[in-house]
Structures are given as structure tokens and as C-alpha cells.
Amino acid sequence: WLDQPIMPRTGRAERREVPGLVAYHTEGTGAQPDPVWNISATGMYVLTSTRWVLGSPVDLTLQRQGLPEAFAENRIALKAIPVRWGADGVGLSFQLAKGTAVKLWEDKSHDVADPIEPVDVVREFRVARAESLLKRICPSLGEKVSRALRNDVGSIRTESVIEIALRADDAMTTGGEKGRKLIHPDVLRHILDHGSWAETEWMRSLWTNLLVTSCSPAGTDVESLGFAELLSQMNSNQTRLLSWICEAAAREMSESGSTEPEAIRCTVDQLKRIVGVGDLVRVEREVEHLTELELLKKRARRIYLDELDDLALCPTAHAMEFYARSRGQREFVPAMFKVSPVVAQASLNSGD
């Protein structure tokens, strides 16, 4: 995915009108959309009766006109600073990370006066933010990342990479990750190459958390490659099953004070619901695969699920470390994953 050819670029217009582009913001009890009159790489003018405090950042989401977008690739969350009030709206300046290169009107062959599609604006801001984050945390892959993002615009793999990067950017900005700014190039390459295939919110979240926890002050954490390789060998059913088992084990360890994970008993029906299939052969295959990856402890002999009402599955210590990384924690500490008894019982009963 990273090995994209170099493509020529053209100039850009500074500011244009974008019919159909709106900025959603939270006001009162719900989200309110206001039309964007015009927009540039550095700011925009929004037609609104809201008078935000000048100089105080506001959170806005750009998308095409209509109901709030359900799909992440069709919207972009941005921070903007109101800089002036107009008779019919507010002028805002985008608050972007240093080095973010928004190339709104590049590669546009039509006249400046021609209308621009809202999706083009949203996509460019998504690409620019993702590109900025990935180049900051891994300068050595910067140019390859830029070419891959901009030459493969719109593909499922690129959209997955963009979403993973945007989520990581949010986590590293709002969380306690500011001191860990760099990632080893081999680790990032593996995360992007394999995470780009993730099409579900669940799997993208796991890849995001691995990216964030793989960053270190010097970018020398090569051990994280092992966790990325593990995730690349699991499908969504297997990750759901492993996460459920590890969460239950973490809860037991937190309550008992144990330092080693213990076996978790679950019914065959629970396994079916967790894995998301009713085929026992498929469920057995998912359990065996996790065992082969040394994430579940081996049993003394092969047990077929149709012979049992319930069974015990025990995560390994390495599985608990992977679970912590996939939840955004650098190391496994049982107390971090403690949940209330009511929630725990509900999860156990439902198999969620």
C-alpha cells in the first residue's frame, strides 16, 4: 500500500464556495448544521446566527448537507477559532497541527468558479490530518505515506488507514501520549499494510490502539511489531472472542488479587454469540486458532464442543499483554480493566 508512484501536482485556488457543505456543531440539546459560505485551506465563513466567543476554539464537523453522517469517511471533525463576526455569520480559522498541508484545490482541472463537491473538501481535510500525524510520528516513511494517501484516494484500504490515523491523532492529543511521539518504521509499515484491510469499527479501533501504544519518545520500540503481527493473524470473530475472555480474566484477577490469569468458564451458547456464528465447527476453529497463536493455553486433549455444555478457556500472559495494548494501555494492570459487578454479570449472561 505504501509503494505508490510519484504523481505531479497542479496549483490551487485560495478560496471557493462549496454548495451543500455544512458545519455541524453542538448547541443546546443537539447538533446543529450551518451552511459553509466559502472555505480555504486555513479557514471558512459559516452562515450562522450563533455568535461564538472570538478566540475560543469550537468543535465543528464538516460534511455534506443532510442528517449527521453515519460513515466516518463522509465527515471530518475539526477545531476552529472564531476570528470575526459578520452580519450573516462567523469567520473561523482552522486550528490544525503544525505541518498539516491542506491542498484543497490541487488536481482540480475545472475553473475556479465551478462548484466543488462537499465530499472533495471533507476528503482533503481527512487526508491532510492523517498525513500530518503519520509524517510526524515516522518522518522516514513520510513521503511514501503521502504518496499512498493521495494516489489511492477513495479506496477502502486508504479510508481505513485515514480513519486509524485520525483516531490515533485524537488519542495522542487528548490522552497522555504527548511524550511518546515516534514509532519505529517497521512497526508503522506493518500496522498500515494490515490495518488498511480493516473495514469494521471494531478492528479499526484495535489497530488505532496498537499504533498509539507502539509510539515511544525515541521511536525504538520494535517489540510492538509482535503485537501488530498477532492482530494481523486474527479475524474480527477471533479478536472478539479473545477480548471477551481476557476481559473476564482481568476482572477475576482484579477482584482476587491474582497475578496470573485463570481459566474462564463459558457455555457453548455463549461462545456462539461471542463469535457471531451458530456453526460449532467454525467456533472450534476460532478457538483452535487462538490456541495455535499461544493466546489461549493448550488443553490436554482435543475437545469437540458438541460434546460439552460448557468449557474452560484460559488466556496466556502474552494474551493479557496484547489485550492491554489493543485497549490503549502500554502494559497490563488488572485494576485498569475492572468493571462493576452489574456490568460483569450482564456481559456474562449475554455473551457480549
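### Looking at the overall build of the protein chain
Part 1: For the protein chain, the helix and strand inventory stands at 11 helices and nine strands.
Part 2: Out of the 352 residues belonging to the protein chain, those deemed buried represent 48%.
Part 3: In the protein chain, once contacts between residues fewer than 6 apart in sequence are set aside, the share between residues at least 24 apart is 69%.
Part 4: Surface exposure of the protein chain reaches about 17300 Å², of which carbon and sulfur atoms provide 51%.

### Overview of the environment of Phe332
Part 1: Its location among the elements puts Phe332 in the loop between helix H10 (317-326) and helix H11 (341-350).
Part 2: Spatially, the C-alpha atoms of Phe332 and Ala317 are 9.3 Å apart, while their sequence positions differ by 15 residues.

### What about unusual backbone geometry?
Part 1: Phi angles above zero are rare outside glycine, and Glu294 is one such case at about 60 degrees.
Part 2: Here Glu294 lies in the loop between helix H9 (280-292) and strand E9 (310-313).

### Section: the side chain of Thr291
Part 1: Residue placement: Thr291 occurs in helix H9.
Part 2: Here Val287 takes part through its backbone oxygen, which lies 2.9 Å from a polar atom of the side chain of Thr291.
Part 3: For Thr291, the contacting residues outside a window of four places in its chain are Leu296, Lys297 and Lys298.

### Some points on helix H8 (residues 268-275)
Part 1: Buried within H8 are the following residues: Val268, Gln270, Leu271, Ile274 and Val275. Taken down its axis, H8 places every buried residue within 155 degrees of arc, on the same side.
Part 2: Gly276, located one to two residues past H8, shows a positive phi value of around 90 degrees.

### What to know about the nonpolar core
Part 1: Ranked by size, the top nonpolar core spans 90 residues in total, and within it Ile39, Leu62, Phe125, Leu134 and Leu211 carry the most contacts.
Part 2: Not counting residues within four places of it along the chain, the set of residues in contact with Leu134 comprises Val145, Val161, Ala165, Leu188, Leu192 and Leu211.

### Examining the confidence of the model for the protein chain
Part 1: On average, residues of the protein chain carry a pLDDT of 84, and 83% of them reach 70 or more.
Part 2: Throughout residues 6-13 the model reports pLDDT below 50, and contacts reaching past four residues in sequence, or to other chains, amount to 19 contacts.
Part 3: Low confidence marks residues 340-352, where pLDDT is under 50. Its contacts with residues over four positions away, or in another chain, come to 14 contacts.

### Some details on the packing of helix H5 (residues 201-213) against helix H6 (residues 224-232)
Between two packed helices, what matters for the description is the angle formed by their axes and the separation of those axes.
Part 1: Look at H5 against H6: their axes get within 10 Å of each other, and the N-to-C directions meet at 170 degrees. By the angle between their axes, H5 is roughly antiparallel relative to H6. Across from Met203, Leu206, Trp207, Leu210 and Thr213 in H5, the residues of H6 making contact are Ser224, Phe227, Ala228, Leu231 and Ser232.
Part 2: Looking at the contact of H5 with H6 residue by residue, the classes come out as seven nonpolar, three polar and no charged.

### A closer look at the pairing of strand E5 (residues 58-64)
Part 1: Bridging between strand E2 (residues 21-27) and E5 involves four bridges; their strand directions are antiparallel. Its bridge partner being in E5, Ala23 is matched across the sheet by Leu62.

### Some remarks on the pairing of strand E6 (residues 76-85)
Part 1: Looking at chain direction, E5 and E6 are connected through five bridges and run antiparallel. Along E6, the bridge assignment pairs Leu62 with Ile76.
Part 2: Note that E6 and strand E7 (residues 89-94) share five bridges and pair antiparallel. Across the sheet, the residue bridging to Arg84 is Gly91, located in E7.

### Details of the pattern of salt bridges
Part 1: All chains considered together, the criterion is met by 15 salt bridges.
Part 2: The salt bridge involving Arg129 is made with Asp170; its shortest N-O contact spans 3.0 Å. One end of the pair, Arg129, is in helix H1 (residues 118-137); the other, Asp170, is in helix H3 (residues 156-174), with 41 residues separating them in the sequence.
Part 3: Taking the relative accessible area as the measure of exposure, Arg129 reaches 12% and is therefore buried.
Part 4: Of the residues examined, Asp170 reaches a relative accessible area of 41% and is grouped as partly exposed.
Part 5: Residues Arg150 and Glu131 are paired through a salt bridge, measuring 3.0 Å at the closest nitrogen-oxygen approach. Placement of the pair is Arg150 in helix H2 (residues 142-151) and Glu131 in helix H1, with a sequence separation of 19 residues.
Part 6: Ionic contacts of the salt-bridge type, sharing partners, join the residues Arg126, Glu159, Glu163, Arg167 and Glu201 into one network.

About the criteria used
Residues numbered from 1 in each chain as written. Predicted model: local features only at pLDDT ≥ 70, side-chain atom pairs only at ≥ 80, totals over all residues. Heavy atoms only, no water. Helix = DSSP H or I, 4+ residues; strand = E, 2+ residues; numbered from the N terminus. Buried < 20%, exposed > 50% of the residue type's maximum accessible area, 1.4 Å probe, protein only. Contact = heavy atoms within 4.5 Å. Areas by Shrake-Rupley, 256 points an atom, 1.4 Å probe, with all protein chains shown as cover. Polar contact = N/O pair within 3.5 Å; in protein donor to acceptor, adjacent residues only side chain to side chain. Arc of directions from axis to C-beta. Core = buried A, V, L, I, M, F, W, Y, C linked by side-chain atoms within 4.5 Å. pLDDT = per-residue confidence, 0-100. Axes fitted to C-alpha atoms, helices over the stretch in contact; angles between N-to-C directions. Parallel < 35°, antiparallel > 145°, perpendicular 65-115°, else oblique. Nonpolar A, V, L, I, M, F, W, Y, C, P; charged D, E, K, R; others polar. Pairing = 2+ DSSP bridges. Salt bridge = Lys/Arg side-chain N within 4 Å of Asp/Glu carboxyl O.

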